Structure formats: structure tokens, C-alpha cells
Amino acid sequence: MNSQEVDPSRRPDVPSNKAPPAKSGGRRRHWSEPLRNQTAVVLLVVLVIAGSLLSDVFLTPRNLLNILWAVSLLGIVSLGQTVLLLTARFDMSVAGVVGLAGIVTVLAQINGFGLIASIGFGLGSGVLVGLCNGVLVLATGANPFLVTLAVNLLVYSLALSLTESKTLYATIPEFNLIGRGQLFGFLHYSVIVFLALAVGLEFVLRRTIPGRTIYVAGLNEVAGRLSGLRLQITKLSAFVLCSGLAALTGIIMTSRINSTIASSGFGMEFDSIIAAVLGGTSLFGGRGGTLRTIVGVVVLGVINNLLVLLNVPSEAQQIAKGLVFLAVVLADSALRRS
Amino acid sequence: MKRLLGLLENHSAALLVFGLVIAFGSSAPATFLTGSNFENIARQISLDAPMVFGQMVVLIAGGIDISVGSTMAMAASLAIGLQPYGTPVAVLGALGFGLGVGIVNGLLVTKGKIVAFVATLGTMSLVRGLLLTYTGQASLVGIDPAFTFWGDGQIGPVPVSFLVVLAMLLGLYALLGHLRQGRNLYAIGGNKDAAFLGGVSVNKGLMLAFMLSGLMAAVSGVLVASRLNSASVQLGADAPLMSISAALIGGASLFGGKGSIIAAFFGVLALGILNNGMNLLGVPTYTQIAVRALILITIVVIDALATRLRRAELDNARILE
Amino acid sequence: MFMKKLGVRLVLCATFATLAAPAFAQGPTICMVHNNADHPSITAVAKGMSDEAANFGAEITFLDPAFDPVKQVAMIEDCVSRKANVIVVNAVDPAAVVPAIKKAKEAGIFVIMQNADTTPEGKGFTEAFIGSQSFDQGYAVGEMIVKALNGAGKVAVITGKTGQTDSVNRTSGMEAAFKDANATIELIAVQPADWSKDKAMTVMQDVLTRFPQIDAVFGHDDPMALGALEAIKAQGREAEIKVFGVNGNKEACAAIKSGEMYGTALQLSYLVGVYTVRAAYDLTQGRLISKTILAPTAPVTPETVAQWEGQCW
């Protein structure tokens, strides 16, 4: 059986020459050890310090809240992607689902359904896509990258044909409160949903049996091919959760911008994986968590915010993002190995 | 029976091409089955083929290269932008850049110990940024009409770019099939640790693979620049998906250790014929996207099922022994 | 494997048997190669073309390369193979299409450029340009801004995707207008939002955070302008900032009417589609047509909105 590219950090700890034997037995701790799995947090701190020095408006409450609001949508998608990554798979169709769910919701409203029902339809479309992805990948053993990429194309073409490339508008005014409403006048609902989901999912992952099975499912990929029914159902539900959260994001986004666009989710498929990886979730399953993804997402948001605050010209922005990303990943890799 | 299955599976890309030709030939014979259309197809796929070959090499070695599109676009821009210094300089600059990106990717993976997906995602962004800065967001127009010979010219009925691709094909076939460095790539992709224990220099092999991928992407870029006599910053957006799909159709595995250059050629040919045929039939955009997706899913699923069946058969055979 | 070959062939045959276009058409066959399918302005053009095609019995095929210059060239070549009477091209990149339209001309096929023209070299192979140039749209907005700000002020620009022709042209058009009017306008921020309403909202938020005083915002299309407007409203700075866009869609026109937006450059996309089909028909009938048919870029402002309202789409 072909082995996957082995994640170097998963290799058993080889004793390194750099740690000389301590006098009182046991290995002496290298200075970087507490930092080992917290590269994202370190980066966030560095960015925040840099930001406050370079721009006098960066550390204002308003700006920080803006950053949270801006990333909350990508954040929700990234949470779903994180859970799926824990099972050693990922979903490239989230981009299309974000667009589709919003369109389905608005179409339902245009056809006379109420607020709850239309949201139900929207979420349902995400669940269906997740089931599709899961069944295709798990039942056939096919490659998740290609399958979900192909499903993404199908979902996108479906979204285009449903709207005939026109922009549709929601018909129920209360709908817009979801994306734009604020608690106490300053905390957006979407931010609350994002943070609550992250905490809630982390609890489920760490403390409940279905959650822990997700980690097992991820580790299993390399260890062997245990395929009990419970394990398969867990893996399938990870796909459904990922798509479902993408659908939720699409609904909130549609509500936020008050119109539907089939391509509104484009870029999120890569960005959500980047956010999860930055936060410390492994591409190979079994390691990571949703609280970490908050950090990854916020890092991305801070970078985007600083690029605009400092008026970095658009050509240079790509270079900046690429460099930061590579620097983080290199640092992370180096810290793990020391 | 098992041997027949194996034989057919290894040539699935060629069979797909055959099937597509029959399908389009019967739906639109007047336009599809003409010499000029086949010339068009040959010329069109010749632009993508080098990139796909490079991607295949990396996949065989167990990696993946998402930066190919950006490298291709930058190479195209250099091939045009450096023409005031002489066309040979421009082409060498473009190829050199591709090689350089390959070296960076290789170092990130071997020395930086970063997973290929993540490493090339980073370089993709970086190179795209360099491209935007170098061109100032404008498209560049070539000043040497003779340069278009490579991308647009023909010798008899055969496009020159197609001949270039055939040359690459032969070279890479020799490398992977017969030269030790090439054969090592299969070992590295199949099982990195076993290869290492077997005396193969894993790092050197990976560096070679990424350098080839970068170089091939640059070759694609030079051909594009030559054909269009211009370079646009919008080039290459679709390249990662397209090259990986073509390579996977050509029998590569995302886990490494499998694939062949010839099959990769049929893979990119299949995609090219598909696009051409759908354009000739006037299939609307939404449907083209859906058809491409359905074919991709069908191939991937059938391939996965076939692998599973084969593995089950092997397991059964072992039990019976 | 055998099953795969059979399965794929069956899928393909079934798909294409139902899709192959009928061979009988009395009017001209037109092959339209867009730059992108997923934008309301393109849909409006397509609708204009389809509606008008009925009048002439013309048969139109729409192809979309999704902003990829190489794919667009391949599509044009395939149109040549299809022996269409007229090929209409909305160039993703002005220089890249030149070899392809040259081949079309050599094959005796008429080429019309729509909304995005080719280079002067390429124009030698085309019959006409129909539409409005994105540079002119930017220029029109620039003029509106100069007028609204009385020639001086701080302006922020929210652009489309970095590197895309429309993005680049609209900014340069606006700057040219400033120059021609000798305006003292300071471009305090030029940031991309990739044609996304949501991204425009978040980018505008950050621009607002940075600058305590902004006089005008130019969003390269109406969705982005409206997104920026949302961000401005959320911070209560509508009175301070005048918002401008390009497209002329219904939402924007309504916003101008109610005073929330200050101007947009109306693209008469539907009419462009109609004119294109008419021109194609004239060409196939051997009639001469003018080389440039410019759809006016109507500046829609609070003063003129009543006049243009009906055209907003």
C-alpha cells in the first residue's frame, strides 16, 4: 500500500544532539519548547506589536472589533474545515457551497417561504453537498482533493444556473439582521456565532466520544485501515459538518451584503485551509483543534487589516502575504524539530 | 482477467482520449474531424503539456506543486519583458526563473521540512506578487516577431510547439524510465523511508523533482508568450487545478509513486479535446463546467473503485496461497 | 478498464446527443467569447443579444474563459473551426487575442470587439468596436468626482482584482479626468476588493479607521461601491463621504435617488448587446458599419437620475 507523504512532525521523537543530558536525569528543556505548538499565537503577538507601532489606529477597540467582524465569516468556514482536517481530509467545495446556500435561501424567500424555512433550505443544501462529498470519498476511497474540487465546480455551475448570473435580493427584512445585527450595539452576531461555535466544537472534540472519535479517525489513516461502522459515520459527519458550516456562512454573508452572488465564496477553500494550518492543525489528521483555528483566522484578519491601514500597494500585498505565510510555516517547522 | 484489468487501468487516459474522439467525432464530424481542428488541439495542448509533465514528475516523487501557474505567468512575462536585451536572453531569463522557483520549493520541502502543499502554496502567492510588481499590472507586448515561431509556427501540418512537447516527452521518458535519478523518484514517492534506507538520496531526488517542475512551468510560459506575442498578469489562474487533474487522469496518485509521462500526455490531451469538443458544439458555460466536473468525478471514483477491487483481489489471492 | 471506457463513452454520448445544436439557422451565426460569465453586466449584455437575435433568426453561442487569456484564444480558434459568421470578443487581455483574431480574419470571419478592445495592431483585423471602454467609465466617474468636490479633496479608491484590465483602466481613467481638470485631488488609498461586495465592506472599514477625513470613495463596480457604503453607514459617516460606482444597477440608482450614493457610470449593457447583434447582421448582409459604436457612459448623479432611471438594471 502506498504510504502518504509523512508529516515530519509525526515521526517518533529522535533524541537530538542539541539537548545535552541534564544533571538530575531527564532531558533538559530547550528554550523554545513551550512555544513549540503555539507558532500562531507567537505570530499574532508579533503582528499586534508591530501593528501598534506602525499605525496609531490599530489597537483601538473599533479596529479590533472590525477585524473580528471581517474574519468571522471565513472563521466559520475554517472551523468546519478544521474538524474535517482532523480526519485527514479536506473539502475544496466550501467555496461553491457558500454561494449556493445563500442563493437557495433567497430563492426560498422569493418563492414565499418564511424566514426559518428558507434558512432551513439553505442549510439543507449544504448538508446535501456534504453527504455527497462524504459518500463519494468514503465509499470509493477516492481522492478528496479531486472529488471535492469537482463537486465545487458542480455546485458553482448549479448556483450560476439557478440565478442565471443575476443578483437576487432577500425579501424578508428581518433576514438582514443576521449578518448585520449587533449585540449591545457593538458585537456583531456573526462574531458571536463564530466564537461560540469554536468553543462549542472544541468541547465536543475533547470531551465527548463522537469528538474523540474524530481524532482517532484521523490518526487511523496512517496507522492502519480500521473501518468500523462508527468510524465511517464519524468521518461522514465531519464532511456534513464542514459543508453545513459553509452553508451557514453563505447565509450569514448573504444577509450581511444583502445580495446573492454565486462566486461570493471564492478563495475561501484555500483560505480556510491556510487558517487551520496556521493555527496548528495538521493536514494529515489527528492533531489540532478549533480554538487554534481562531488564532489562525485572526492572524489572517490582522494581516489584511494592516495591509490596508498601512496602504500597502496591491502589487506588494501578494508578496507580503506569501512571505508571512512561508515565514510562519518555516518557524513552526523549526520549532517542532528543535 | 487480472492482467487485462491492470493493462486497461494503466492505459485509462489513452482510452479516455479514444472515447472522447469517438463521442465528438460522431456529434460534430464536420468541425471536429478536420485537419485544422486537430492542428488547433495540438497547438492548444502544447501550451499546457510541459506544465503537466512537471506536475507529474513532482507527483511521482510524492509531492505536489501548486505554484506552477504563477511560475508560468512570470516566465511568460520575462520572456517578453526581457526582449529588449535580446530574445535568447529573455528565454534564458524565463527558464532560469522557473528553475529558481523550483530550487526554492525544493529547499522549503527538503531543508525547511515543510509539506509540499503548504510550501508551494506560499511560493504561489510570492511569485504572483513578484509578477504584479514586475509588470505593474499591465500586459507586456513582444517586440520580436520571429519569436512567435515557437508557439505559433508550424513545420508542415505540425505545430512547432507540439514538436517541442514531443521532445520534452522523450527526454522525461528517458529520465524516469531509464536513468537512475529518475527511477529513484518512484521509490521516493512510494515510500520515502524505505528509499532512504535503500541508499537513495531523498533530498537530492526531491530537489530534482521540484526543479524540473519549475523549469517545465517556465517552458509552458515561454510557449504561451511566444504564441500570444504578449504576456498578461491574468495567466495561469487555472493552472494548478488543470495540471493536477491532467496528471491524475494520467495515472498519478496524490500519495506518490505512480504515474507515467506518456499517460500524463494523454491526460492533458483528453482535457484539451474535451474543451475543444464542447466549444465546437456550443455547449453553454454552465454546462461545460458541470460536464468537466462530472467526468472528473467519474474517473476518480471508477479509478478508486478499481484500486479497491484490485487490492481485494490481491488480498484474496494471498489468503488462498 | 472496460467498464470505465464504456461508462465514460455512454455518459459522453448521452450528454452530447442532447446538446448538439441544430444545423438550421436563417440568420447569422454568432460566436460570443466573453471575459467572464458571472457578473450582472455580462448577463445584461447576453440578454440583449439573445433578445435581439430573435429578430434576425440569428444563432448565438456564448463561451466564457473566466478571465484566462489562453482559454479565450482557444475559444476564438474553436469559433473559427465552427465557421461562425461573426465572432464577438470581449478581450480579457488586449494583446493576447491578436493572433487569434488575425486567424479569424484570414478565414473570412468578421470580428467585432465588445466592451474591451484590442491593441492598435489587432484592430487591423476587426470590423468594429461596440460598447463602452472601462477607461471612459473611469473618466466619467473622475469628472463626477471633480464636480462634486469642486476640484479638491481626498479620495479613496476600491479597485477590482489586481491586474485585471477593467480595474487598471478605471483607475487610470479617473486619474486622467483629474489631470484634465487640473484638480488637486489626493488619492489617499487605493485598495483591491476583488469585485466582492463583502470584501469591499471590510476594506472600507479599515480605510475609515485609518482616515478621519475622506471626501469621496470610488468603487470600481456598483456592488463594491454599495459594500463600501454599508461600511460607511455603519460608522455614521454618510454625510462626510460621497460614494461613486460603475455599472448602473438598480440598487445603485435607487441609492442615488435617495441620496445615499452620489454617482455611477451607467453601462448600457443591454443596449450594447442589441447593437452588437444588429451590427453582426449588417456585416453579414455586406453593409458597412461604423468602426466605433460607443454606448454612452451616462453619468448618473442626483441631478440626472430621474432621466436615466429607466435604464438602470
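Nothing here was measured: the structure is a model prediction, and the numbers come from that model.

1. Digging into the overall build of chain B
- Within chain B, the secondary structure is distributed over 15 helices and four strands.
- Relative to a compact globule of 321 residues, whose C-alpha radius of gyration would be 20 Å, chain B shows 20 Å and is just as compact.
- Once the C-alpha set of chain B is aligned to its principal axes, its extents read approximately 70 × 55 × 35 Å.
- Looking at chain B as a whole, 60% of its 321 residues are labelled buried.
- A separation threshold of at least 6 residues defines the contact pool for chain B, and within that pool the share at least 24 residues apart is 78%.
- For chain B, the accessible area works out to roughly 11700 Å², and carbon and sulfur atoms hold 70% of it.

2. What about the interface of chain B and chain A?
- The interface is formed by 50 residues belonging to chain B together with 47 residues belonging to chain A.
- With both sides pooled, the region where chain B packs onto chain A buries about 4300 Å², and carbon together with sulfur makes up 73% of that total.
- Per-residue buried area on chain B facing chain A is highest for B:Phe117, B:Phe255 and B:Tyr286; these three make up 14% of the total on that side.
- Our enumeration of links across chain B and chain A arrives at two residue pairs in polar contact (both at pLDDT 80 or more).

3. Thoughts on the pattern of salt bridges
- Counted according to the given criterion, the structure contains 19 salt bridges over all chains.
- The salt bridge partner of C:Lys105 is C:Glu127, with a shortest N-O separation of 3.4 Å. With C:Lys105 in helix 4 (residues 98–106) and C:Glu127 in the loop between helix 5 (120–123) and strand 5 (128–131), the pair connects residues that are 22 residues apart, well separated along the chain.
- Residue classification places C:Lys105 among the partly exposed positions, given a relative accessible area of 37%.
- Among the salt bridges present, the one from C:Lys154 reaches C:Glu186, with a minimum N-O distance of 3.6 Å. Remark: C:Glu186 occurs in strand 7 (residues 184–192) and C:Lys154 occurs in strand 6 (residues 152–159); sequence separation between them is 32 residues.
- With relative accessibility at 42%, the residue C:Glu186 sits in the partly exposed group.
- What you see here is one network of salt bridges that share partners, running through B:Asp152, B:Arg227, C:Glu77 and C:Lys103.

4. Focus: the interface of chain C and chain A
- Tallying the contact residues gives 24 residues for chain C and 34 residues for chain A.
- Between chain C and chain A, roughly 2400 Å² of surface is buried when both sides are summed, and carbon and sulfur atoms account for 50% of that area.
- Across the contact surface, chain C and chain A share one salt bridge.
- Residue A:Arg256 pairs with C:Asp198 through a salt bridge whose shortest N-O separation is 2.9 Å.
- Summed over the shared surface of chain C and chain A, the number is 10 residue pairs in polar contact (both at pLDDT 80 or more).
- Broken down by secondary-structure element, the contributors of at least two residues to the side of chain C that touches chain A are helix 2 (40–56), strand 7 and helix 8 (197–210) of chain C.
- Top element by residues in the side of chain C that touches chain A is helix 8 of chain C. It accounts for 10 residues.
- Taken together, the residues of the side of chain C that touches chain A break down into nine nonpolar, eight polar and seven charged.

5. A few points about the side chain of C:Thr119
- Tracing the backbone through its elements, the reader meets C:Thr119 in the loop between strand 4 (110–114) and helix 5.
- With residues near it in sequence (within four places) discarded, C:Thr119 still touches C:Pro94, C:Ala95 and C:Val98.

6. Considerations on the sheet that holds strand 7 of chain C
Residue and element names in this part refer to chain C.
- If you trace the six strands from one edge of the open sheet to the other, you get 7-6-8-9-10-12, paired in mixed fashion. Strand pairing shows two members of the sheet lacking a second neighbour, strand 7 and strand 12 (298–300), which therefore form its edges. Looking at each pair of strands side by side, their axes are set apart by 20 degrees on average, direction ignored.
- Of the strands in this sheet, strand 6, strand 7, strand 8 (216–219), strand 9 (242–247), strand 10 (263–266) and strand 12 touch helix 6 (residues 134–149), which is tilted by about 160 degrees from strand 9.

7. Observations concerning the packing of helix 2 of chain C against helix 11 (residues 269–284) of chain C
All names here are of chain C.
- Orientation of helix 2 relative to helix 11, taken along the N-to-C sense of each, is 40 degrees, at an axis distance of 7 Å. It follows that helix 2 is oblique to helix 11 by the angle criterion. Relative to helix 11, helix 2 is oriented so that their crossing is right-handed. Residues Ser41, Ala44, Val45, Lys47, Gly48, Met49, Asp51, Glu52, Ala53 and Phe56 of helix 2 pack against Ser269, Tyr270, Gly273, Val274, Thr276, Val277, Arg278 and Tyr281 of helix 11.

8. Some remarks on the environment of A:Gly75
Residues and elements named next belong to chain A.
- With respect to the secondary-structure elements, Gly75 resides in helix 2 (residues 61–86).
- Here the alpha-carbon distance between Gly75 and Leu335, two residues 260 residues apart in the chain, equals 26 Å.
- When sequence neighbours within four positions are dropped, the list of residues in contact with Gly75 reads Phe194 and Val297.

9. Side note on a nonpolar patch on the surface
Residue and element names in this part refer to chain A.
- Together, Val41, Val45, Ile49, Leu53, Leu54 and Leu310 line one region of the surface with nonpolar side chains, adding up to about 550 Å² of accessible area.
- With respect to the helices and strands, the residue Val45 is situated in helix 1 (residues 39–54).
- Since its relative accessible area comes to 44%, Val45 is described here as partly exposed.

10. As for the nonpolar core
- Judged by nonpolar contacts, the single largest core of 259 residues is most densely connected at B:Phe53, B:Phe117, C:Met204 and C:Ile214.
- The element contributing the most residues to this core is helix 12 (residues 202–228) of chain B, with 14 residues.
- Once you skip the residues sitting within four places of it in the chain, B:Phe117 turns out to touch A:Phe145, A:Phe270, A:Ile273, A:Leu283, B:Ile64 and B:Ile66.
- Counting 19 residues, the second-largest nonpolar core is a separate cluster that includes C:Met49, C:Ala53, C:Ile112 and C:Ile130.

11. Some remarks on the sheet that holds strand 3 (residues 86–89) of chain C
All names here are of chain C.
- Ordered in space as 2-1-3-4-5-11, the six strands form an open sheet in which the pairing is parallel. The sheet is open, and its two edges are formed by strand 2 (59–63) and strand 11 (292–294), each paired on a single side. Neighbour to neighbour, the strand axes of the sheet diverge by 20 degrees on average, direction disregarded.
- Summarising the sheet, strand 5 and strand 11 pair through three bridges and their orientation is parallel. Its bridge partner lying in strand 11, Phe129 is registered against Thr292.
- The sheet strands contacting helix 2 are strand 1 (29–33), strand 2, strand 3 and strand 4, and the helix crosses strand 2 at an angle near 165 degrees.

12. Section: helix 5 (residues 68–81) of chain B
- Under the 1.5 Å per step criterion, the end-to-end length of helix 5 of chain B is 19 Å for 14 residues, consistent within 8% with the ideal 20 Å.
- Of all the 14 residues making up helix 5 of chain B, 13 are buried; the element is thus mostly covered by neighbouring parts of the structure.

13. Re the packing of aromatic side chains
- Throughout the structure, instances matching the rule amount to 11 aromatic pairs over all chains.
- The interplanar angle of 70 degrees and the centroid separation of 5.5 Å between the aromatic rings of B:Phe149 and B:Trp150 together place this pair among those described as edge-to-face.
- A residue is classified by how much of its surface remains accessible, and B:Phe149, at 36% relative accessible area, is partly exposed.
- A network of ring pairs unites the aromatic residues A:Phe90, A:Phe145 and B:Phe117 as a single cluster.
- Over the ring of C:Tyr262 we find C:Lys242; its NZ or CZ atom is 5.2 Å from the centre of that ring.

14. Examining the confidence of the model for chain C
Residues and elements named next belong to chain C.
- Averaged over every residue, the pLDDT of chain C is 87; the share at 70 or more is 92%.
- The element-level mean pLDDT for chain C is lowest in helix 1 (residues 2–19), coming to 51, with strand 8 highest at 96.
- Here the prediction assigns the complex a pTM of 0.85, and the interface score ipTM is 0.87.

Analysis parameters
Residues numbered from 1 in each chain as written. Chains lettered and ligands numbered in written order. Predicted model: local features only at pLDDT ≥ 70, side-chain atom pairs only at ≥ 80, totals over all residues. Heavy atoms only, no water. Helix = DSSP H or I, 4+ residues; strand = E, 2+ residues; numbered from the N terminus. Rg over C-alpha atoms; globule rule 2.2 N^0.38 Å. Buried < 20%, exposed > 50% of the residue type's maximum accessible area, 1.4 Å probe, protein only. Contact = heavy atoms within 4.5 Å. Areas by Shrake-Rupley, 256 points an atom, 1.4 Å probe, with all protein chains shown as cover. Buried area = accessible area lost by both parts, 1.4 Å probe. Polar contact = N/O pair within 3.5 Å; in protein donor to acceptor, adjacent residues only side chain to side chain. Salt bridge = Lys/Arg side-chain N within 4 Å of Asp/Glu carboxyl O. Nonpolar A, V, L, I, M, F, W, Y, C, P; charged D, E, K, R; others polar. Pairing = 2+ DSSP bridges. Axes fitted to C-alpha atoms, helices over the stretch in contact; angles between N-to-C directions. Parallel < 35°, antiparallel > 145°, perpendicular 65-115°, else oblique. Left-handed = near helix turned anticlockwise from the far one by under 90°. Patch = residues over 30% accessible without salt bridge, like charges linked within 9 Å, V, L, I, M, F, W, Y side chains within 5 Å. Core = buried A, V, L, I, M, F, W, Y, C linked by side-chain atoms within 4.5 Å. Expected span 1.5 Å × (residues − 1). Phe/Tyr/Trp six-rings, centres within 6.5 Å; stacked < 30°, edge-to-face > 60°. Lys NZ or Arg CZ within 6 Å of the ring centre and 35° of its normal. pLDDT = per-residue confidence, 0-100.

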